[in-house]
Amino acid sequence: MQELRVKLRSRNRPYCVHSVPCSQRVRPFVSTLMTRCYYYFYHRPETQRRLNYEVFVIEDPASGKSFAGDLYKTILSPIIAADKVGNDMVNKFKKDKQKNETSSDKQKKDGLTQPKVKVRIHGPRTSNQTFIEDMVGCTDTDENGEPIHLHLFTFDSELENNTRLGSSSQSWIDKSVFELKAFHNEEDNQQYKNVDSVSGPFNVYWNFVYTGTPVSLSKKVPLRNFGSGLYSRMAVLPLCADAFEVIPLYRRSKQNIEVNDTLKEWAFKLDQTRGELPVWPLVEYTYHWMADIMTLAKMEQDRITAMLVKRVPYYGLNVAAPFILMRHWEEWQKEHTFKIDEKDEALCSVILEIQLYTQKKFFGGQAKAYLENKETDEQNNKVNYYSKSDRLLESLPQEFSQGKVMEMGEMTADVARVQIWRWVKDKKVEKKGRGKTAVIRKLARKT
């Protein structure tokens, strides 16, 4: 494979899908091909990490987002081919079952048994029952023969469609929870009396790519729902389309066909890879990158950056891993390992920078509003909770007794005792003595 060439772009220039090499533009899909691989991360290093991603390609209408659909058909061709076998079996079962139900002779015979198949690609109109059933059933084995769950995958060329189905009583409802849990393969649980439904706990293994407009993105991640954390799990790829630029005039050529064939060839190779990826040097690299960003954020008291950067290192690894494996393919085939070099770090670095840039571009304003609203709510709650108590304390003399609190606050002895205890704990007063004869003295307020 031709060497990947990666350059760090200037920080004051925008990143966009059309401005990076083709090898990086295919990144939303190749990680799913390596679903049988895993690595370990600096956060909870004892936990096995998978190549998870949630990608949103966002730009104005008619700006070239259709490239994602073309790549989806090409790169995920191994999974699409395998799914066709399963889907054909399920459709045949449904037709045969329908014939049996309408035939009196066949009804007397034994009922049909639903075939066990592995179907991984699910569109937005997939029912929750089928989705969970396939997520539980799509398994393979790792390099040690242990069972490993394969990722399901969803591609939707209209984010608006996905959002509308999720907010109605349609079949996609409740998958917003799966979108949150998929990033770290968190556990969910289902317990229904329906005999056809899967019962028990299951982990969410699911990658997805949606394309849409800025308006559809604002509906998917509105300010009122910003605190759910979906924004930090997403990789949003802008196209940076020029309103007056005409797309290049391309003709069908032998070179274009060869590029497409090469992508398919690599897709089938990556689809068969399994085992632990030796990327710990990159884990350390992302850790130090993250630490540097947080150090600068702390110096500048930049809470927005500190909020948006926390899950960026995962994308630096998840997206870079397939291309690093392709660069070291011969070494991997011989030794089942490879050594990370400077070019691998450069690729990881540019992905980190892109992810942080796009987080700020799409969610910086929402993060600012969220933090401001949170601070306002905390202050309002604090004032409302303590306001009556503070006014009572201000109205009391410098030294007072429990009886004076009962008189001024118009409260019982028990309530007065609890109020005094609260003031002592908050270091607003000091108490000498015990019981009703104790002397309470106000302390100077800290400024």
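Look a little higher up for the structure.
Residues numbered from 1 in each chain as written. Predicted model: local features only at pLDDT ≥ 70, side-chain atom pairs only at ≥ 80, totals over all residues. Heavy atoms only, no water.

**As for the nonpolar core**
The tendency in soluble globular proteins is for nonpolar side chains to be buried side by side. Using the following cut-off: Residues belong to a common nonpolar core when they are buried Ala, Val, Leu, Ile, Met, Phe, Trp, Tyr or Cys residues joined through side-chain atoms within 4.5 Å. Relative accessible area decides the class of each residue, using a 1.4 Å probe on protein chains only: under 20% of the type maximum gives buried, over 50% gives exposed, and in between gives partly exposed. Labels follow the DSSP assignment, with helices taken as runs of H or I lasting at least four residues and strands as runs of E lasting at least two, numbered in each case from the N terminus. Residues are treated as being in contact if the distance between any of their heavy atoms lies within 4.5 Å.
Formed by 59 residues in total, the largest nonpolar core has its most connected members in Phe-29, Phe-153, Leu-270, Leu-277, Val-279 and Trp-289. Sort the elements by how many residues they give to this core and helix α14 (residues 312-327) lands first, with eleven residues. Contact partners of Phe-29, with chain neighbours within four places excluded, come to Tyr-53, Ala-68, Leu-71, Tyr-72, Ile-75, Leu-76, Phe-153, Phe-155 and Val-209.

**Some thoughts on the side chain of Arg-50**
Convention followed: His is not counted, nor are the chain ends; Lys and Arg add positive charge and Asp and Glu add negative charge. By convention in these notes, a salt bridge is any Lys or Arg side-chain nitrogen within 4 Å of a carboxyl oxygen on Asp or Glu. Counting of polar contacts relies on pairs of N or O atoms within 3.5 Å, with two restrictions inside protein: one atom must be capable of donating a hydrogen and the other of accepting it, and residues adjacent in sequence are counted only when both atoms are side-chain atoms.
Within the fold, Arg-50 resides in the loop between β2 (48-49) and β3 (54-58). Among buried Asp, Glu, Lys and Arg side chains, Arg-50 stands out as unpaired, with Asp-142 the closest opposite charge at 8.9 Å. Looking at Arg-50, its side chain comes within polar contact range of the main-chain oxygen of Thr-35, at 2.3 Å. Once residues within four sequence positions are removed from consideration, Arg-50 is found in contact with Thr-35, Arg-36, Cys-37, Tyr-38, Tyr-39, Ile-148, His-149, Leu-150, His-151, Asn-185, Tyr-205 and Asn-318.

**Regarding helix α12 (residues 280-300)**
For clarity, the cut-off: A helix is expected to span 1.5 Å multiplied by its residue count minus one.
For α12, with 21 residues, the first-to-last C-alpha span of 30 Å sits near the 30 Å given by 1.5 Å per residue. The first or second residue beyond α12 is Gln-301, which carries a positive phi of 50 degrees.

**Let's talk about the pairing of strand β14 (residues 439-442)**
The condition that has to hold: Here, a strand pair is defined by DSSP locating no fewer than two bridges between the strands.
Burial along β14 is one-sided: the face carrying Ile-440 and Lys-442 is buried and the face carrying Val-439 and Arg-441 is not. Summarising the sheet, strand β12 (residues 399-400) and β14 pair through two bridges and their orientation is antiparallel. Bridged to Glu-399 within β14 is Arg-441.

**Some details on the packing of aromatic side chains**
By convention here, two paired aromatic rings are described through the distance between centres and the angle between planes. Our working rule: Here a Phe, Tyr or Trp ring, Trp counted by its six-membered ring, pairs with any other such ring whose centre lies within 6.5 Å, and the pair is stacked when the planes are under 30 degrees apart, edge-to-face when over 60, and tilted otherwise. Whether a charge sits over a ring depends on NZ of Lys or CZ of Arg being within 6 Å of the ring centre and within 35 degrees of the ring normal.
This structure, assessed with the given rule, holds 25 aromatic pairs. The interplanar angle of 80 degrees and the centroid separation of 5.0 Å between the aromatic rings of Tyr-42 and Tyr-287 together place this pair among those described as edge-to-face. One end of the pair, Tyr-42, is in the loop between β1 (37-40) and β2; the other, Tyr-287, is in helix α12, with 245 residues separating them in the sequence. Grouping aromatic residues by their ring pairs yields a cluster made of Phe-56, Phe-131, Phe-178, Phe-202, Trp-206, Phe-208 and Tyr-210. Geometry around Phe-131 places Lys-175 over its ring, the cationic atom sitting 5.3 Å from the centre. Positioned over the ring face of Phe-362 is Lys-361, at 5.5 Å from the centre of the ring.

**Focus on the sheet that holds strand β6 (residues 152-156)**
Consider a sheet: its strands pair through backbone hydrogen bonds, and that pairing is either parallel or antiparallel. To keep it simple, the criterion reads: All axes here are fitted lines through C-alpha atoms, helices being fitted over the stretch that makes contact, and every angle between N-to-C directions spans 0 to 180 degrees.
One open sheet holds the four strands; their spatial order is β6-β9-β3-β10, and the pairing between them is parallel. In this open sheet, the two strands that pair with only one neighbour each are β6 and β10 (235-238). Pairs of neighbouring strands in the sheet enclose a mean axial angle of 10 degrees, with direction left out of account. For β3 and strand β9 (residues 206-212), the ladder comprises five bridges, and the chain directions are parallel. Bridged to Val-57 within β9 is Thr-211. Sitting on the sheet, helix α3 (residues 67-75) is in contact with β3, β6 and β9, with an inclination near 150 degrees to β6.

**Remarks on the environment of Phe-93**
Mapped onto the secondary structure, Phe-93 falls in helix α4 (residues 77-102). Exposure remark for Phe-93: the relative accessible area of 13% places this residue in the buried category. Residues Phe-93 and Thr-113 lie 20 residues apart in sequence; the distance between their C-alpha atoms is 8.2 Å. Non-local contacts of Phe-93, meaning those with residues more than four positions away in its chain, are made with Leu-112, Thr-113, Gln-114 and Pro-115.

**With respect to the sheet that holds strand β11 (residues 275-276)**
As summarised here, the arrangement of the three strands in space is β2-β1-β11, forming an open sheet in which the pairing is mixed. The sheet terminates laterally at β2 and β11, the two strands that pair on one side only. In the sheet, β1 pairs with β2 via two bridges, with the strands oriented antiparallel. By the bridge assignment for β2, Tyr-39 is matched with Arg-49.

**Some thoughts on the environment of Trp-329**
Following the sequence through the fold, Trp-329 ends up in helix α15 (residues 329-335). Expressed as a C-alpha distance, the spacing of Trp-329 and Lys-269, which sit 60 residues apart in the sequence, is 9.8 Å. With residues up to four places along the chain from it excluded, the contact list for Trp-329 reads Trp-266, Lys-269, Leu-270 and Thr-273.

**Let's talk about unusual backbone geometry**
Unusually for a residue other than glycine, Gln-301 sits at a positive phi of about 50 degrees. On the basis of relative accessibility, which here comes to 63%, the residue Gln-301 falls in the exposed class. Backbone geometry at Lys-427 places phi at a positive 60 degrees, although glycine is not the residue there. For Lys-427, the position within the fold is in the loop between α18 (413-425) and β13 (429-432).

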